[in-house]
Amino acid sequence: MAPNNRIVAVLGPTNTGKTHYAIERMLAHRTGIIGLPLRLLAREVYDKIVTLRGPSVVALVTGEERIVPPRAKYWVCTVEAMPEGVGCDFLAVDEIQLCADPERGHVFTDRLLRARGLHETLFMGAETMRKAIAALVPSADFMHRERFSELSYSGQKKISRMPERSAIVSFSVDNVYGIAELLRRQKGGAAVVMGALSPRTRNAQVEMYQNGDVDYLVATDAIGMGLNLDVNHVAFSATSKFDGNRMRPLLPTELAQIAGRAGRHMNNGSFGVTGEAAPLHDELVQAITENRFAPLTKLYWRNAKLQFGSTKVLISALEQHTNNEWLTRVRESCDLAALKTLVQDAEVAARASDGASVALLWDVCRIPDFRSISNRQHAELLGVIYNYLHERGQIPQDWLAGSINSLDNTKGDIDALSKRLAYIRTWTYVAQRKDWAHDHEHWREATRAVEDRLSDALHIALTQRFVDRRTSILMRRLKQKESLVADVNKDGEVTVEEQFVGRLEGFQFRQDASASPDEAKTLRSASLQALAPEFHLRADRMYNAPDTEIDFTEQGGLMWGSSAVGKLVPGSNALKPHVQAFVDVEAGPEVAEKVTRRLQHFIDRKIATLFEPLINMQRDESLTGMARGFAFQMIEGLGVLDRADVGEDVKSLDQEARSALRKHGIRFGQFAIFMPLLLKPAPTRLRLLLWSLASGLQEFPEAPPPGLVTVPTDETKPVGYHLKSGYRAAGERALRVDMAERLADMLRTQDTRGGFEATADMLSITGMTLEQFANLMQGLGYRAEKAERIKVKAPAAAPVVEAPVGDKDVSDDGIPNAVETAAKDAPTAEIPAAEPEAHAAAAQDVPLDATKEAAPVEMEVFYTFAWGTKRVDRSVDGPRKGKKPRGKPKHDRAPKGKGGKAGGSPGKAESFQAGPPKRDKPIDPDNPFAAALMGFNKK
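These numbers were taken from a predicted model, which means no experiment stands behind them.

Draft legend 1. Spatial organisation of the pairing of strand β3 (residues 58-61). Burial of the side chains of β3 extends over both faces: Val58 and Leu60 are buried on one face and Ala59 and Val61 on the other. As paired elements, β3 and strand β4 (residues 66-67) share two bridges and run antiparallel to each other. Paired with Leu60 across the two strands is Ile67, which belongs to β4. Where β3 folds back on β4, the antiparallel hairpin that results is connected by four residues.

Draft legend 2. Expanded view of the sheet that holds strand β27 (residues 640-642). Reading across the sheet, the three strands line up as β27-β29-β28 and stay open at both edges, with antiparallel pairing between neighbours. On the outer flanks of this sheet lie β27 and β28 (667-668), each paired with one strand and no other. Two elements, β28 and strand β29 (residues 672-674), share two bridges in a ladder whose sense is antiparallel. Each bridged residue has a counterpart across the sheet, and for Phe668 the counterpart in β29 is Ile673. Lying on the sheet, helix α21 (residues 625-636) is in contact with β27, β28 and β29; it crosses β27 at an angle near 100°.

Draft legend 3. Region of interest: the state of the cysteines. One pass over the structure, following the stated rule, counts zero disulfides. Residue Cys88 stays outside any disulfide, its sulfur separated by 9.4 Å from that of Cys77, the closest cysteine.

Draft legend 4. Inspection of the packing of aromatic side chains at higher detail. One pass over the full model with this rule turns up twelve aromatic pairs. Geometrically, the ring pair formed by Phe756 and Phe865 is tilted, given 6.0 Å between the ring centres and 45° between the ring planes. Remark: Phe865 occurs in strand β34 (residues 859-867) and Phe756 occurs in the loop between α26 (737-747) and α27 (760-766); sequence separation between them is 109 residues. Each member of the pair, Phe756 as well as Phe865, is classed as buried. Grouped by ring-pair contacts, the aromatic residues Phe756, Phe773, Tyr782, Tyr863, Phe865 and Trp867 constitute a single cluster. Taking NZ or CZ as reference, Arg658 lies 5.4 Å from the ring centre of Phe668, over its face.

Draft legend 5. Looking closely at the confidence of the model for the protein. For the protein, per-residue confidence averages 83 on the pLDDT scale, and residues scoring 70 or more make up 83% of the total. Mean pLDDT values over the elements of the protein span from 38, in helix α29 (residues 817-825), up to 97, in strand β6 (residues 90-93). Below pLDDT 50 for its whole length, residues 870-876 participates in 24 contacts with residues either more than four positions away or in separate chains. Taken together, the stretch residues 879-893 has pLDDT below 50 and engages in 25 contacts with residues farther than four places along the chain or on a different chain.

Draft legend 6. Looking closely at unusual backbone geometry. Here Glu95, not a glycine, exhibits a phi torsion of approximately 55°, which is positive. Relative to the helices and strands, Glu95 resides in the loop between β6 and α3 (105-114). Owing to a relative accessible area of 7%, Glu95 belongs among the buried residues under this scheme. In this model, Arg165 sits at a positive phi of 60°, which is unusual for a non-glycine residue. The topology assignment puts Arg165 in the loop between β9 (151-156) and β10 (166-169).

Draft legend 7. Looking closely at helix α14 (residues 397-405). All of the buried residues along α14 are Leu400, Ala401, Ser403 and Ile404. In an axial view of α14, the angular spread of the buried residues amounts to 165°, which keeps them on one side of the axis. The exposed set on the far side of α14, more than 90 degrees from its buried face, consists of Asp398 and Asn405. Close packing links the buried residues of α14 with α15 (414-431) and α16 (440-466).

Draft legend 8. Highlighting the side chain of Asn387. With respect to the helices and strands, Asn387 occurs in helix α13 (residues 375-392). Overall, Asn387 belongs to the buried group, its relative accessible area being 14%. Each residue touching Asn387, except ones within four places of it in the same chain, is listed here: Glu347, Val348 and Arg351.

Draft legend 9. Just the sheet that holds strand β20 (residues 493-496), in detail. A sheet is described by the order of its strands in space; here four strands give the open sequence β19-β20-β21-β22, paired in antiparallel fashion. Only two strands of the sheet have a single partner each, and these edge strands are β19 (486-488) and β22 (508-511). Within this sheet the neighbouring strands show an average axis-to-axis angle of 35°, counted without direction. Across four bridges, strand β21 (residues 499-505) lies against β22 in antiparallel orientation. Residue pairing for β22: Arg503 is matched across the bridge by Arg510.

Draft legend 10. Expanded view of the packing of helix α10 (residues 334-342) against α13. For the pair α10 and α13, the least separation of the axes is 9 Å and the interaxial angle reads 70°. As the angle between them shows, α10 and α13 are arranged roughly perpendicular. The segment α10 lies against α13, with Cys334, Ala337, Ala338, Thr341 and Leu342 engaging Asn375, Ala379, Leu382 and Gly383. Residue composition of the contact of α10 with α13, by class: six nonpolar, three polar and no charged.

Draft legend 11. View of the pairing of strand β12 (residues 216-219). Residues Tyr216 and Val218 of β12 are buried on one face, and the alternating residues Leu217 and Ala219, pointing to the opposite face, are buried as well. Two elements, β10 and β12, share four bridges in a ladder whose sense is parallel. Directly across from Val169, in β12, lies its bridge partner Ala219. Relative to β12, strand β11 (residues 191-193) runs parallel, the two being bridged by three bridges.

Draft legend 12. Main features of the pattern of salt bridges. Evaluated as defined, the whole model comprises 51 salt bridges. Notably, a salt bridge pairs Arg39 with Glu65, separated by 3.9 Å at the nearest N-O pair. Of this pair, Arg39 sits in helix α2 (residues 39-53) while Glu65 sits in the loop between β3 and β4, and the two are 26 residues apart along the sequence. What makes Glu65 buried here is its relative accessible area of 4%. Between Glu84 and Arg111 there is a salt bridge, with the nearest N and O atoms lying 4.0 Å from each other. Of this pair, Glu84 sits in the loop between β5 (74-78) and β6 while Arg111 is found in helix α3, placing the two residues 27 residues apart along the sequence. Assessed through its relative accessible area of 55%, Glu84 is described here as exposed. When its relative accessible area of 7% is taken as the criterion, Arg111 is described as buried. Here the salt bridges do not stand alone but share partners, grouping Arg39, Arg43, Asp47, Glu65, Arg200, Arg448, Glu451, Asp452 and Asp456 into one network.

What counts, and at which threshold
Throughout this document, residue positions are counted from 1 along each chain, in the order its sequence is written. Since the coordinates come from a predicted model, pLDDT governs what is reported: local features require at least 70, and pairs of side-chain atoms require 80 or more to be given and counted, while whole-chain, interface and lining totals use all residues. Calculation of side-chain values draws on the structure's entire complement of heavy atoms; hydrogens and water are dropped beforehand. When accessible area is computed with a 1.4 Å probe and restricted to protein chains, residues below 20% of their type maximum are described as buried, those above 50% as exposed, and intermediate ones as partly exposed. Strands here are runs of E lasting at least two residues and helices are runs of H or I lasting at least four, both read from the DSSP assignment and numbered beginning at the N terminus. Strand pairing is defined by DSSP finding a minimum of two bridges between the two strands. Whether two residues touch is decided by their heavy atoms; if any such pair falls within 4.5 Å, the residues are in contact. Angular values range over 0 to 180 degrees, each being the angle between N-to-C directions of two axes fitted as lines to C-alpha atoms, with helices fitted over their stretch in contact. Throughout, a disulfide means two cysteine sulfur atoms within 2.5 Å of one another. Ring geometry is summarised as follows: Phe, Tyr and Trp rings, the Trp one being its six-membered ring, pair when their centres sit within 6.5 Å, and such pairs are stacked at plane angles under 30 degrees, edge-to-face over 60 and tilted between the two. Only Lys NZ and Arg CZ are tested; either one counts as a charge over a ring when it is within 6 Å of the ring centre and within 35 degrees of the ring normal. Each residue carries a pLDDT value, the predictor's own confidence for that position, ranging from 0 to 100. Within this analysis, the arc is defined by the directions that extend from the helix axis to the C-beta atoms. We call two directions roughly parallel when the angle between them is under 35 degrees, roughly antiparallel when it is over 145, roughly perpendicular when it lies between 65 and 115, and oblique otherwise. Each residue gets one of three labels, nonpolar for Ala, Val, Leu, Ile, Met, Phe, Trp, Tyr, Cys and Pro, charged for Asp, Glu, Lys and Arg, and polar for the others, Gly among them. Salt bridges are counted wherever a side-chain nitrogen of Lys or Arg sits within 4 Å of a carboxyl oxygen of Asp or Glu.

Below you can see the structure in the form of structure tokens.
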């Protein structure tokens, strides 16, 4: 067993297990106190001891937190909060080298000089303290501990190339946030650890790093004070910091303390620089890796034997110098500065007139400036608190409640939450004092609850800003080589491990656009790895899907449901297009080949179904000679040809060839040669697509709406569009090809030489007004002469005389004899053409004068059509540039009608012949009028 009052200095670099050794030694005693440099580290050690011994015997005392069970045996404290005058068997102070810290050094030096355990005292710290401890504590023994792992220097690295499990150290809040934001974009995120964070926020951030949600940590030099983290690499983004008075370079020992956090237990670690930090010089690197530093020669000190006779005496005691060569008086600290400011206030100076009042004032001045505001503002708050305590003995509950409640707000950004959290720490500190508030337990819990809420809100805000949980989770799963679980809902939204990553459109993954360019690569890699099984399942479903689930668009796209899965590209001929599937490369060649094969089957079957007459004609081996050649032209024309383009070929077809072609549904019209079955909407839509594809058009024109007899002509459409749509362009409108042929049949019965008017049937089949029909006729090569005439109204119906059933005056055919007689006896008036008014009056059976006075004459517009004398280019899509007409096609001549042949003299039939008489062609047996024609020939 160790001798009484044994003092041991356990010295060595980081990662030597000094703190762990101290905990073991404390638990070997009945009671103990351990002082730690940070509230964060104190909480970590407290949690460890609670796990080993239970919460009923472990106390935690910091400036803002006090958990003291009734039977406390082990006290875990910050160095400033270590209780004095409490006898304990064991006492330890960690990071004892902080005796040389300009701000807090005097507190650590005081513990080195005065704090002792009854049986054992440990001071843990750097080897640089050996000489100072030996001089100031001559009875101390020394224990050196070697580092468990090696530490090496890796030079300078960009943040984008920072290895996983790295901690990047900065010395200002703005820089910490900036680096964390960069890591979020490039690496998925980072945890943030700063000394100003509450233990709850810090623990939540550290846990996020420790469990692998993020692989990077951005911290201040707080991590150098004993925080045990799984860090493999430490990178300095700066090598200087603001110490409260000026910017100064970090001491080699400070760099070593932080760099030493790299490497956990037996794992080797590395350190380096990043960002704007300059590379470390060789001598400094060697000192850090070999832990060789100049020993400390001066420790900061402040007189601990204070006198409270007056404020002047107290200030004098605090400013007292020392003659010890190892000690130097600390520069003016925050508490002393606050005291000097307050004593200048007349009210405070008047109250601090006795020892108790001065002691109370000093206690108030020791409230830390957590808010980091100006000394005067901090002193103003301390003055209010002091006046309340001195006058009333306690702080008023309503004022305390108002101050706390004003901070209980979890809304706002990181800066707002951090400010409220710093402010609440002041009231948390005040609430720890037993006598300063009525029912201090209530206020202790109230301030703790507000701090916890703000801490949780700050953790959430930090995580939302600096961590892309989606990317970090996916990266962790990839790193752990776990199978990623992907899910695709009915809307195509893809989630991997319950994180939304994008949409699956057919067989293409559309990544979420909110991902930054830096994280997009990682996100896509993880997503596609998880989607690999889904691609195969989806390909199988599509391959077995019926054709009704697949369709083509008018621009050549191929759709499976609402997803684009491919497009058509030109093939060997118009009826054999090829398929280009839209499949991500990552889906694999097997999926791409299966999708391509299924789409090719679909379009081949669609063409075979909608163009069955063409396919059958193509396969008909009985077609030979001119018939086969013309069939080939029909196939190239996709079932519709302009007769003007094939007029000579049509003439060369004999009746046998025409008969063979008619069997396949070909109709030889005056304007076009076509297959009526292929004019239906579905074949027309497909024909336009195939024609556009074969023609190499950049933009495919859409088919006209189904069911329309005429559509407006569009000069912006490519040449040939109207014909492939199944229409004959004529004037301002285009007439459907089959209707154009029906109109041509009607025109053959008209006097095209002398002129004729449009009949009701002509207007009916075209669905046009008279004006539109006139324009159409002009487009077909007719002259249209417009005129007006008096509109003749239909005569009124004669009154019906009803006779009784069985009357003798009813004739045998059911018409009353009286009516029959009246009709016979009615005079027939001849109305001269020069007297239209008399004609109208006679038709209405009223006197002429009465007609003129009763109503004005109503005129009507009419057109007279006659075959044009000047040839009009009536090709289906207007004149063809650079192409001369090949003779006068048959349909450019006027259809034969009552007036004889076009161009002949009235009343006399004339015939012209350019060569020897043509041999009569045999009658087509398939012609419906074949029998009648044969009879005429016999005659």
